[in-house]
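# Summary of structural features
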Amino acid sequence: MSEILDKLQQATTRSLSRLVREALDENMHILAISEQQDDIMMQFIDNMNYDFDKLTGKVVEETKVVDFESLELVKDDELNAMVAVEGMVANARNLHLPSFISFNTRLNALFTEIRINESTNPIDPQQVATAFSAIISKIDLTSAQSIGLYRTFNQKVL
């Protein structure tokens, strides 16, 4: 059973990495992307592997305590990126809903001790987009640059 998941993880990481690299290549005109492409790719792979490790229980996510005193408003650029990601995820899920349901059902049949759904499936568009946006949010991009990058990511990857 673990062998099946390992093969799935390797195939997924390999395929998604190739697609993400294509999306980054199309945005090489953005200096920050061209300078950090290898780092972005490594972090994306690490994020995807982390999602698989959470699924198998190799990594347990810590419960975070919210400090309400340190909360601040979301900046416009961050809000635009969040809206773009949510739209991409919803669109990808709607376009491929029967495939996602079928895939989750197959995984649930294979892994009876793990409940797999859209929030735990590492291949779900939400997890893939989050793995990517966690990296991109750390790069100094203008709103237009990040929206363009997300648009390419949506077309190539999701």
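These lines cover the structure that appears in this document, whether it is placed above or below. (Residues numbered from 1 in each chain as written. Predicted model: local features only at pLDDT ≥ 70, side-chain atom pairs only at ≥ 80, totals over all residues. Heavy atoms only, no water.)

### Here's the deal with the overall build of the protein
Selection rule: By definition, any uninterrupted DSSP run of H or I lasting at least four residues is a helix, any uninterrupted run of E lasting at least two residues is a strand, and each is numbered from the N terminus. Each radius of gyration is computed over the set of C-alpha atoms, and the globule rule expresses the reference value as 2.2 Å times the number of residues to the power 0.38. Each residue gets one of three labels from its accessible area relative to the maximum for its type: buried under 20%, exposed over 50%, partly exposed in between, using a 1.4 Å probe on protein chains only. Only heavy atoms enter the contact rule, under which two residues are in contact if any of them lie within 4.5 Å. Using a 1.4 Å probe, the Shrake-Rupley method yields the accessible areas, and only the shown protein chains count as cover for residues.
When helices and strands are tallied, the protein shows 6 helices and 0 strands. Counting helices and strands in the order they occur from the N terminus, the protein gives α-α-α-α-α-α. Taken against the 2.2 N^0.38 rule, which gives 15 Å for 158 residues, the C-alpha radius of gyration of the protein at 17 Å falls within 12% of a compact globule. Overall, the C-alpha framework of the protein stretches about 45 × 40 × 30 Å when taken along its three principal axes. Residue burial in the protein is summarised as follows: out of 158 residues, 37% are buried. Nonlocal contacts in the protein, meaning residues at least 24 apart in sequence, comprise 71% of its contacts between residues at least 6 apart. When the accessible surface of the protein is summed, it comes to about 9,900 Å², and 53% of that surface belongs to carbon and sulfur atoms.

### Comments concerning the packing of helix α3 (residues 76–95) against helix α6 (residues 143–156)
Geometry of a packed helix pair, given as the angle between the helix axes and the separation of the axes. What counts, and what does not: All axes are obtained by fitting lines to C-alpha atoms, using only the stretch in contact for helices, and the reported angles, taken between N-to-C directions, cover 0 to 180 degrees. Each angle gets one of four labels, with under 35 degrees taken as roughly parallel, over 145 as roughly antiparallel, 65 to 115 as roughly perpendicular, and the rest as oblique.
Between α3 and α6, whose axes approach to 10 Å, the crossing angle comes to 10°. With respect to α6, the element α3 is oriented roughly parallel. Counting all contacts with α3, which are made through D77, N80, A81, A84, V85, M88 and N91, the residues of α6 involved are S143, I147, Y150, F153 and N154.

### Some points on the pattern of salt bridges
As a reminder, the rule being used: Salt bridges, as used here, are contacts in which a Lys or Arg side-chain nitrogen is within 4 Å of a carboxyl oxygen on Asp or Glu.
Taken as a whole and judged by the stated rule, the model has 7 salt bridges. The partner of E118 in a salt bridge is R93, and the shortest N-O contact between them spans 3.8 Å. Taken together, the residues E118 in the loop between α4 (97–110) and α5 (125–136) and R93 in helix α3 connect sequence positions 25 residues apart. E118 gets classed as partly exposed once you look at its relative accessible area, which sits at 44%. Linked through salt bridges whose partners overlap, the residues forming this network are R93, E118 and D124.

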